[in-house]
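Below are the chains, spelled out letter by letter.
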Amino acid sequence: MHKLFPSQQEGEQIYLVVREHWFHLFLKVLVWAFFAAVLIMFNRFFGANLPALFEGSWGQTTSLFTQVYTLFLVLSLFLIFVFYYLNVQIITSLRVVDISQEGLFSHVISELHIDKIEDATSQVNGIFGSLFDYGDVFVQTAGTVDRFEFHSVPNPAGIEKIILDLYEKNSNFAKEGTGAN
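Everything numeric in this text was worked out from a predicted model, so none of it was measured.

Caption draft 1: Seen up close, the side chain of Ser152. Relative to the helices and strands, Ser152 resides in strand β7 (residues 147–154). On the basis of relative accessible area, Ser152 is assigned to the buried category, the value being 11%. Within the local environment of Ser152, its side chain forms a polar contact with the side chain of His24, the two groups lying 3.1 Å apart. Apart from residues no more than four positions distant in its own chain, Ser152 is found in contact with Arg19, Glu20, His21, His24, Tyr134, Gly135 and Asp136.

Caption draft 2: Spatial organisation of helix α1 (residues 22–49). With 28 residues, α1 extends 40 Å between its outermost C-alpha atoms, agreeing within 8% with the 40 Å of an ideal straight helix rising 1.5 Å per residue. Residues Phe23, Ala36, Leu39 and Phe42 constitute the buried set of α1. Where α1 is buried, its residues contact α2 (56–86), α3 (126–132) and β6 (134–141).

Caption draft 3: The arrangement of the packing of α1 against α2 in detail. Orientation of α1 relative to α2, taken along the N-to-C sense of each, is 170°, at an axis distance of 11 Å. Here α2 runs roughly antiparallel to α1, going by the angle between their axes. On α2, the residues that touch Leu25, Lys28, Val29, Trp32, Phe35, Ala36, Val38, Leu39, Phe42 and Asn43 of α1 are Thr62, Phe65, Thr66, Tyr69, Thr70, Leu73, Ser76, Leu77, Ile80 and Tyr84. Here the contact of α1 with α2 is composed, by residue class, of 14 nonpolar, five polar and one charged.

Cut-off values and rules
Residues numbered from 1 in each chain as written. Predicted model: local features only at pLDDT ≥ 70, side-chain atom pairs only at ≥ 80, totals over all residues. Heavy atoms only, no water. Helix = DSSP H or I, 4+ residues; strand = E, 2+ residues; numbered from the N terminus. Buried < 20%, exposed > 50% of the residue type's maximum accessible area, 1.4 Å probe, protein only. Polar contact = N/O pair within 3.5 Å; in protein donor to acceptor, adjacent residues only side chain to side chain. Contact = heavy atoms within 4.5 Å. Expected span 1.5 Å × (residues − 1). Axes fitted to C-alpha atoms, helices over the stretch in contact; angles between N-to-C directions. Parallel < 35°, antiparallel > 145°, perpendicular 65-115°, else oblique. Nonpolar A, V, L, I, M, F, W, Y, C, P; charged D, E, K, R; others polar.

Structure (structure tokens):
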């Protein structure tokens, strides 16, 4: 069996894998595109109006600056994708798993067993959240962690419903297993 996350148990069914909504990724890439456009405009404007800036020792300094700036642009686009792809919430038949990529070489995995859930709430804010159907989902727990928070996820009401349905299914299963009605 292929495991999606390290502590996935045998027979554990995955219901949903959630990442940040594509609109938030788009906004980050749009900011990145602005900084890329700044480099292009710098080269065109100063290349046409201040050609001395690109010649001699000034040219070497300008070339170094543009190369370092380009390197940071490429690195930042890579990091935008890595954090988008690796920050994931997984809803399974037994638990909710939150994998947060803190840095390139650091991540935190938090787990919440379905039977520890007290409440789930979805929240949609703003015009873009309403138009593109994204928002936050909060899962209230009985444990030491006050609540799990999924930020800017698609279809928050649907995610809330899946979590609550799994809670109901598990609590009914537990009642049947103990003979309680």
